[in-house]
Amino acid sequence: MHDFNYRHDNLYCESVNIEELARKYGTPLYVYSRNTIISHYKKIKEAFCQINPLICFSMKANSNLAICKALVREGCGLDIVSGGELYRAFKIGASPRKIVYAGVGKTEKEIEIAIRHHIFFFNAESIPELELINRVAGRLGIRQKVAIRINPDIKAKTHKYITTGHGENKFGIDFETAKKTFLKKNRYKNLNVSGIHMHIGSQIVDAKPFVRAVERIADFIKDLESREVAIRWLNIGGGLGIIYSRERPQTAKEYAKAVLPVLKKVKANIILEPGRFIVGNAGVLITRIQYVKETPSKNFAIVDAGMNDLIRPSLYGAYHEILPVKSRSYSDSKEIRVFDVVGPICESGDFLGKSRKFIGLREGDLLSVMSAGAYGFSMSSNYNSRPRPSEVMVEGSKARLIRRRETYEDLIRTES
Ligand SMILES: *Cc1c(COP(=O)(O)O)cnc(C)c1O
């Protein structure tokens, strides 16, 4: 995270003082480093350069138009999971030939719009979905490329809400059913069923489950080939873990080194769908301490950001490092104390961090919740009728507002 650093005790994003951003744009405030986003994209691209894969940024990690557009300009494609994300993709002029569409509950309307716009691949998650895509494509007179999402029945060591490749998860199709489907693929007259997709989960720090899953799928592809079924595209999903605290995730290079030997055995072109890896460490959530509340059992730093702004701690028990925007040294103030950093929402589950040590924390201080670029703003809500925060993107010494703070009027705009 070399784009977030202290200079003379002040936290900077690239060459911009975060305290000044907070003063100008208010808090809570998401701040992103453009450089981190692009350099992480390039890390994956370079790690896999031998096979030149199509890299599709997983929009649900962070769907801000400016962020997606920055990636699309670099040649990145998009992995979408809804009609809303497709709409965003069109708004930034993304090429439909680089859009892949996953999700277990695609509606007929979503499918129709995606086919009309000639997206590259649907990643179909069930047989009834395959049938619906076939019907809609027939009605539109368009032959649509479809990949079957395989559930490789792999347990990836990650939070149970973000594992997706185990047999008990709702995602994908089992090998047996997938095989029957590929062997009878000519029934789907309007589809070109020529791809396989997998995505086994998120925040996976170790390459082993990826390798095991890809091996299973490579064997499956070989089996299909021996039965005259050719797989042209293999999409191995996203899921690469990042550092939140003490994890030692595989780097893009290590990941590539582990899976490339298996990928080279299959003839298919490769698609990757990284989300968190690209944006996770590229964003922070800046929040101001409203009150310091001391109780007989605990100290609370009550801040102006809550679970509606960043739900990961509440939803997954996720750990985010929390740093003071202006750091104090122990010699300035001899009090190191332990705080729960909590939001203003009326829920006991509303916290950003528990039992964190700070030196001389005071009301009005700014805190930076680190590694909040992925599944931060994109999972935010208006719970407790709280307007959602602004987002700012930093590029070198410049900062640009990429989403203004919501107003109270925004809150009620769609109601009558
Ligand atoms: C969420 C998702 C991704 C991205 O996952 P990350 O862990 O953010 O890399 C990729 N593919 C699919 C199908 C997804 O649902």
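Parameters and conventions
- Residues numbered from 1 in each chain as written.
- Predicted model: local features only at pLDDT ≥ 70, side-chain atom pairs only at ≥ 80, totals over all residues.
- Heavy atoms only, no water.
- Pairing = 2+ DSSP bridges.
- Helix = DSSP H or I, 4+ residues; strand = E, 2+ residues; numbered from the N terminus.
- 1 Å grid on protein atoms, 1.4 Å probe; cavity = no way out; pocket = protein on both sides within 12 Å on 5 of 7 lines; lining within 4 Å.
- Points joined across faces, edges and corners; volume = space filled by probe spheres on them.
- Nonpolar A, V, L, I, M, F, W, Y, C, P; charged D, E, K, R; others polar.
- Near = heavy atom within 4 Å.
- Polar contact = N/O pair within 3.5 Å; in protein donor to acceptor, adjacent residues only side chain to side chain.
- Areas by Shrake-Rupley, 256 points an atom, 1.4 Å probe, with all protein chains shown as cover.
- Sits in = over half its atoms within 2 Å of the grid points.
- Core = buried A, V, L, I, M, F, W, Y, C linked by side-chain atoms within 4.5 Å.
- Buried < 20%, exposed > 50% of the residue type's maximum accessible area, 1.4 Å probe, protein only.
- Contact = heavy atoms within 4.5 Å.
- Domains from an automatic or database assignment.
- Buried area = accessible area lost by both parts, 1.4 Å probe.
- Salt bridge = Lys/Arg side-chain N within 4 Å of Asp/Glu carboxyl O.

A word on the sheet that holds strand β1 (residues 4-7)
Taken in spatial order, the three strands make up an open sheet running β1-β2-β3, and their pairing is antiparallel. The two strands at the open ends of the sheet, each matched to only one other strand, are β1 and β3 (16-17). Direction of pairing for β1 relative to strand β2 (residues 10-13): antiparallel, over a ladder of four bridges. Bridge pairing in β2 links Tyr 6 to Leu 11.

Notes on the layout of surface pockets
Estimated volume of the largest pocket: approximately 610 Å³. Lining the largest pocket are 30 residues, and of these Lys 60, Val 81, Thr 164, Phe 171 and His 199 lie nearest its centre. In terms of residue class, the lining of the largest pocket is built from 10 nonpolar, 11 polar and nine charged. Taken together, 19 residues make up the lining of the second largest pocket; nearest its centre are His 40, Lys 43, Thr 251, Phe 277 and Asn 281. Sorting the residues of the lining of the second largest pocket by element identifies α2 (34-47) and α9 (252-265) as the ones contributing at least two each. Per element, the largest residue contribution to the lining of the second largest pocket is six residues, and it comes from α2. Taken together, the residues of the lining of the second largest pocket sort by class into seven nonpolar, eight polar and four charged.

A look at the site of the ligand
By nearness alone, 15 residues border the ligand, and Lys 60, Ser 202, Glu 273, Arg 276 and Tyr 375 come closest of all. Measuring from a nitrogen atom of the ligand, one finds a side-chain N or O atom of Asp 79 at 3.2 Å. In this structure, Tyr 375 approaches the ligand through a side-chain N or O atom, which is 2.6 Å from an oxygen atom. Surface burial for the ligand is 95%, taken as the share of its 390 Å² of free accessible area covered by protein chains. Of all the cavities here, the one that holds the ligand is the largest pocket. Its residues assigned to classes, the shell around the ligand shows three nonpolar, seven polar and five charged.

What about the nonpolar core?
Within soluble globular proteins, side chains that are nonpolar tend to cluster in buried spots. Core analysis: the biggest nonpolar cluster contains 103 residues, and Ile 37, Phe 48, Leu 78, Ile 196 and Leu 234 have the highest contact counts within it. With nine residues, helix α8 (residues 208-225) is the single largest residue contributor to this core. Once you skip the residues sitting within four places of it in the chain, Phe 48 turns out to touch Pro 53, Tyr 255, Ala 256, Val 259, Leu 260, Leu 263 and Leu 272. If you look at the next biggest cluster of nonpolar residues, it comprises 18 residues, including Ile 18, Val 31, Ile 286 and Leu 366.

Observations concerning the domain arrangement of the protein
Under the domain assignment, the protein is made up of domain 1 (4-32 + 280-412) and domain 2 (34-279). Once you take the C-alpha centre of each, domain 1 and domain 2 turn out to be 33 Å apart. Contacts between the two partners involve 25 residues from domain 1, matched on the other side by 24 residues from domain 2. Summed over both partners, the interface of domain 1 with domain 2 comes to about 2100 Å²; 55% of that surface belongs to carbon and sulfur atoms. The largest share of the area that domain 1 buries against domain 2 comes from Tyr 316, Tyr 375 and Met 393, three residues that together contribute 28% of it. Where domain 1 meets domain 2, there are one salt bridge. In this structure, the salt-bridge partner of Glu 395 is Arg 34, at a minimum N-O distance of 3.9 Å.

Observations concerning unusual backbone geometry
For the peptide bond that leads from Thr 27 to Pro 28, omega is -10°, which places it in the cis range. You will see that Glu 228, though not glycine, has its phi angle at about 65°, which is positive. Looking at the secondary structure, you find Glu 228 in the loop between α8 and β11 (233-235). Taking relative accessible area as the criterion, Glu 228 reaches 74% and is therefore assigned exposed. For Tyr 375, which is not glycine, the phi dihedral falls at a positive 55°. Relative to the helices and strands, Tyr 375 resides in the loop between β18 (366-369) and β19 (390-395). Owing to a relative accessible area of 10%, Tyr 375 belongs among the buried residues under this scheme.

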